[in-house]
Amino acid sequence: MAETVALVSLGCAKNLVDSETMLGLLQQAGYDIVEDARRAEVIIVNTCAFIEPAVEEAIDALLDLADFKQDACRVLVCTGCLTQRYGKSLLNELPDVDAFVGPGSVGRIVEAVRGALAGQRPFLVDAPPYLQHAGTPRWRSGAEWSAYVKIADGCDHRCSYCLIPGLRGPYRSRPPEDVGAECAGLIAEGVKEICLIAQDTSAYGRDLEPRSSLADLLKGLDLDGYDGWVRVQYLHPAGITEELLETVANTPAVVPYFDIPLQHADREILRSMRRAGEAEEYLRLLERIRSAMPEAALRTTFIVGYPGESAEKFESLLEFVREARFDRVAVFTYWDEEGSASAELPGKVAPEEARERLDELMSVQAGVSLARNAWFVGRELRVLAESESEHGDGMVGRCYRDAPEVDGQVLVRGADGARARVEAGQFVQVTVTEALEYDLAGEALRRTSG
Ligand code: SF4
């Protein structure tokens, strides 16, 4: 009788792909995948550890799930960045964990589970690190109509506050034909949205022989006749070329969605972060994108409370946000991560002050976002319907401006407020009737896909 396996996936979309890969490999090896951890003989926690709150969440999850050892659970496995970050010290810290697998050893998950079930307590942390390929089995979780495709892993940047290069290893791209094969497979499965992800998608191909690029990758995908969406996430501002803008503008399936984490806009803070750029240069970049695609949706991420961020420097960031008019903004408070270069810096900002700055920046952005949304009232948008609205008055979906899980939504009603006759996973053309701070609402016109 095959053992049952459940997995809890923490952290980012790149980690989710690793989780789905591990489940795919275990299913291929004959294990039964179950959603409910209470029923599982093998429980895996794929952890995130890039900042302290993520570390706490991972340890809490492992301690909570260890309680299931009184029921069906025979082995508990810790995979992902916590294993990479803390290494063998975890063997003593987490006595209830029966196997440890680093993000670079995802491909050896079956070996780890077999070893744990045999009472060995495997500790697998490999270099050179692992990278999926199109033939790698994958047990896709989440909505069947949307899928992440990891085009590369690791990072060669050295941002002062970030531990990811040490956790995920050097940047390594998958060959373009391999990414193409995976996308073709997903399209054949009927997937409506493919999200291309990496730590930095704009660095794609620089490490390949012959050298390639994100623009080349997109041009090489077989998207003729594909009426779904290809969405690129996690672009680095330094990697957005004219060729990339032209390719996105001239490839109908690739949505004009630009997710560009900037982290800050003040020159001195950015240099201290070991990042290039500054406000004026970023405004020119946004102008380049908008002149190539006036309908482009722009998303970014900021860190507030970074060491040395005076009240004036924060004010200049607020001014930048008012001027840049992003569609979507995520803000994080700075964390002093042990082992990061910035942890040694003077001029720390008090956590409460950083928290207040986060709230202030988000309130500025709420006004910007509402104004951006208001522009769409009366216009048509194509929406990917995903679920019933909680009030039962329509379907909730996303438009090209909304990446899964992190951006806004569109509430789709039928004519005169009737229930929209559209199924989850289908595209529907909508006339926008209402703009909210982060979301839109509209009336369904017609379905635009099978
Ligand atoms: S680009 Fe910077 S912030 Fe992003 S993963 Fe790399 S080092 Fe970290």
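Since this is a predicted model, take the numbers as computed values, not measurements.

1. Quick word on the packing of helix α1 (residues 13–28) against helix α5 (residues 109–117)
Part 1 of the argument: In the contact formed by α1 and α5, the axes pass within 9 Å of each other and the chain directions differ by 65 degrees. Crossing of α1 against α5: the hand is right-handed. Here α1 contributes M22, L25 and L26 to the contact with α5, which in turn contributes I109, V110 and V113.
Part 2 of the argument: Residue classes in the contact of α1 with α5 are distributed as six nonpolar, no polar and no charged.

2. Some thoughts on the sheet that holds strand β10 (residues 193–197)
Part 1 of the argument: An order of β7-β10-β11 is seen for the three strands of this open sheet, with the pairing classed as parallel. Of all the strands in the sheet, the pair left with one neighbour each is β7 (146–150) and β11 (229–232). Sheet twist, expressed as the average angle between the axes of neighbouring strands with direction ignored, equals 20 degrees.
Part 2 of the argument: In this structure, β7 lies alongside β10, joined through five bridges in parallel fashion. By the bridge assignment for β10, S146 is matched with E193.
Part 3 of the argument: Taken strand by strand, α1 contacts β7 and β10, and its axis lies near 95 degrees from that of β7.
Part 4 of the argument: Against the sheet, helix α7 (residues 176–189) touches β7 and β10, its axis set at about 170 degrees to β7.

3. Description of the packing of helix α11 (residues 279–292) against helix α12 (residues 311–324)
Part 1 of the argument: With their axes 11 Å apart at the nearest point, α11 and α12 run at an angle of 15 degrees to one another. On the basis of their axis angle, the class for α11 and α12 is roughly parallel. Read as a crossing pair, α11 and α12 show a hand that is right-handed. Across from A279, Y282, L283, L286 and R290 in α11, the residues of α12 making contact are F320, E323 and A324.

4. Here's the deal with the packing of aromatic side chains
Part 1 of the argument: The final tally for this structure, using the stated rule, is eight aromatic pairs.
Part 2 of the argument: With a centroid separation of 5.3 Å and an interplanar angle of 80 degrees, the aromatic rings of Y306 and Y334 are classed as edge-to-face. Taken together, the residues Y306 in the loop between β13 (297–304) and α12 and Y334 in the loop between β14 (328–333) and α13 (351–374) connect sequence positions 28 residues apart.
Part 3 of the argument: Overall, Y306 belongs to the buried group, its relative accessible area being 0%.
Part 4 of the argument: With a relative accessible area of 12%, Y334 lands in the buried category.
Part 5 of the argument: Three or more aromatic residues joined by ring pairs form one cluster here, namely Y282, F302, F320 and F326.
Part 6 of the argument: In this arrangement the basic side chain of R231 is found over the ring face of Y257, its NZ or CZ atom lying 4.7 Å from the centre.
Part 7 of the argument: Here the guanidinium or amino end of R379 rests over the ring plane of W375, the centre of that ring lying 3.7 Å away.

Rules used throughout
- Residues numbered from 1 in each chain as written.
- Predicted model: local features only at pLDDT ≥ 70, side-chain atom pairs only at ≥ 80, totals over all residues.
- Heavy atoms only, no water.
- Axes fitted to C-alpha atoms, helices over the stretch in contact; angles between N-to-C directions.
- Helix = DSSP H or I, 4+ residues; strand = E, 2+ residues; numbered from the N terminus.
- Left-handed = near helix turned anticlockwise from the far one by under 90°.
- Contact = heavy atoms within 4.5 Å.
- Nonpolar A, V, L, I, M, F, W, Y, C, P; charged D, E, K, R; others polar.
- Pairing = 2+ DSSP bridges.
- Parallel < 35°, antiparallel > 145°, perpendicular 65-115°, else oblique.
- Phe/Tyr/Trp six-rings, centres within 6.5 Å; stacked < 30°, edge-to-face > 60°.
- Buried < 20%, exposed > 50% of the residue type's maximum accessible area, 1.4 Å probe, protein only.
- Lys NZ or Arg CZ within 6 Å of the ring centre and 35° of its normal.

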